Amino acid sequence: MRLLNIVFILSIIFGQTENPSVNTFFSSSSLSLAGAGYLNLSSTSLRYNPSIVDRKRFFTVSIINYKNDISSQSLGSFFPICNGYASLSIKNLSYGVFDSYDENKIFLGTYQSSDNWLTLSYAKNLNALPFTIGLSYNYFNSNLANYQIRKSFLTFGTNVRIKKIKTILGFSFHQLGFKNSKYKIVEPNFVFSILNNLEHL
């Protein structure tokens, strides 16, 4: 209990605010896993390890409606190319339409607020080893009325397949490249994940 209190206090002291779209669900499959599923292949998710691949081509469209007219829309595709596997996705998070007033409460019109992501990923199996490595490039564009933020960052991931126990171990580094930005949008983070096939359900 004392350890939990220490962790809680440290999280308050050193915690930082992130852009809300970083923690938003764009993929219905990720939403159904309550934030887990970094090793679950989804071309429209921000929460995934880019080294996860599939030998099939597929196209995904996802729309999630939140409260207060906030909604996310995304579309993505996955396909084999250049002895590897690539995915391309476009994601939009709309916060809605707002009324604008001046200091005298005179109506000036309406404005929109949204966050947009363009993601391009590539992964490749290492034939001599049970490893798959992957890299994704993310372009982030945030709009609030006439204000705009544009940034790029990388995500690197790898996974190890242990066939004997039907388990995959994943390691991924997310939001690389934001550290030196004057906009403290997100901080780089490391994710360790495990995927295991159940013998019986």
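Every residue gets a number counted from 1 within its own chain, in the order that chain's sequence is written. In view of the model being predicted, local features appear only for residues whose pLDDT reaches at least 70, and side-chain atom pairs are presented and counted only at 80 or more, with totals across whole chains, interfaces and linings using the full set of residues. Computation of side-chain values covers all heavy atoms of the structure but excludes hydrogens and water.

### Topic: the overall build of the protein chain
Right, so step 1: The secondary structure content of the protein chain amounts to two helices and eight strands.
Right, so step 2: Ordered by position in the sequence, the α and β elements of the protein chain form the string α-α-β-β-β-β-β-β-β-β.
Right, so step 3: Out of the 201 residues belonging to the protein chain, those deemed buried represent 37%.
Right, so step 4: Long-range contacts, defined as pairs at least 24 residues apart, comprise 46% of the intrachain contacts of the protein chain with a sequence gap of at least 6.
Right, so step 5: The Shrake-Rupley method, run with a 1.4 Å probe sphere, supplies the accessible areas, and residue values consider only the shown protein chains as cover. As presented, the protein chain carries roughly 13000 Å² of accessible surface, and 61% of it is formed by carbon and sulfur atoms. Labels follow the DSSP assignment, with helices taken as runs of H or I lasting at least four residues and strands as runs of E lasting at least two, numbered in each case from the N terminus. Think of it in three bands: with a 1.4 Å probe and only protein chains considered, a residue is buried below 20% of the maximum accessible area for its type, exposed above 50%, and partly exposed in between. In what follows, residue pairs with any heavy atoms lying within 4.5 Å of each other are defined as contacts.

### Topic: the side chain of Asn 138
Right, so step 1: Mapped onto the secondary structure, Asn 138 falls in strand S5 (residues 131-144).
Right, so step 2: Residue Asn 138 is classed as buried on the basis of its relative accessible area, which comes to 4%.
Right, so step 3: Setting aside residues no more than four positions away along its own chain, Asn 138 makes contact with Leu 46, Trp 117, Leu 118, Thr 119, Lys 151, Ser 152, Phe 153 and Thr 155.

### Examining the packing of aromatic side chains
Right, so step 1: Centres within 6.5 Å make a pair out of two Phe, Tyr or Trp rings, where for Trp the six-membered ring is used; the pair is then stacked when the planes are under 30 degrees apart, edge-to-face when over 60, and tilted otherwise. Following the criterion strictly, the structure yields eight aromatic pairs and no others.
Right, so step 2: Between the aromatic rings of Phe 171 and Phe 192, the centroid separation amounts to 5.2 Å while the plane-to-plane angle is 40°, which identifies the pairing as tilted. With Phe 171 in strand S7 (residues 167-176) and Phe 192 in strand S8 (residues 189-196), the pair connects residues that are 21 residues apart, well separated along the chain.
Right, so step 3: Relative to Phe 190, the ring of Phe 173 lies with its centre 4.9 Å away and its plane at 45°, an arrangement referred to as tilted. You can see Phe 173 sitting in strand S7 and its partner Phe 190 sitting in strand S8, a full 17 residues away along the chain.
Right, so step 4: Residue Phe 190 is classed as partly exposed on the basis of its relative accessible area, which comes to 45%.

### A short note on the sheet that holds S5
Right, so step 1: What the eight strands build is an open sheet, ordered S1-S2-S3-S4-S5-S6-S7-S8; its pairing is antiparallel. Looking at the sheet topology across the chains shown, the edges are occupied by strand S1 (58-65) and S8. For this sheet, the mean inter-axis angle between neighbouring strands, taken without regard to orientation, is 15°.
Right, so step 2: In this scheme, strands are said to pair when DSSP sees at least two bridges between them. Here 11 bridges tie strand S2 (residues 71-81) to strand S3 (residues 84-101), and the two strands are oriented antiparallel to one another. In the sheet register, Ser 72 faces S3, and the bridge partner there is Leu 93. Each axis is a line fitted through C-alpha atoms, and for a helix only the stretch in contact is used; angles between axes span 0 to 180 degrees, taken between their N-to-C directions.

### Regarding unusual backbone geometry
Most peptide bonds adopt trans geometry, and most residues besides glycine take a negative phi value.
Right, so step 1: Although it is not a glycine, Lys 105 sits at a positive phi angle of roughly 65°.
Right, so step 2: Here Lys 105 shows up in the loop between S3 and strand S4 (107-126).
Right, so step 3: Of note in the backbone geometry, Gln 175 takes a positive phi value of approximately 60° without being a glycine.
Right, so step 4: A relative accessible area of 9% means that Gln 175 is categorised as buried.

### Comments concerning the environment of Gly 177
Right, so step 1: With respect to the helices, strands and loops of the structure, Gly 177 is situated in the loop between S7 and S8.
Right, so step 2: As for Gly 177 and Ser 152, which are separated by 25 residues in sequence, their C-alpha atoms are 7.1 Å apart.

### Comments concerning the pairing of S7
Right, so step 1: Pairing of strand S6 (residues 147-162) with S7, which is carried by eight bridges, proceeds in the antiparallel orientation. Within the sheet, the bridge partner assigned to Val 160 lies in S7 and is Leu 169.
Right, so step 2: What sits between S6 and S7 in their antiparallel hairpin is a turn of four residues, with Lys 166 showing a positive phi close to 50°.
Right, so step 3: As judged from the eight bridges shared by S7 and S8, these two strands associate in the antiparallel manner. Paired with Gly 170 across the strands is Ser 193, a residue of S8.

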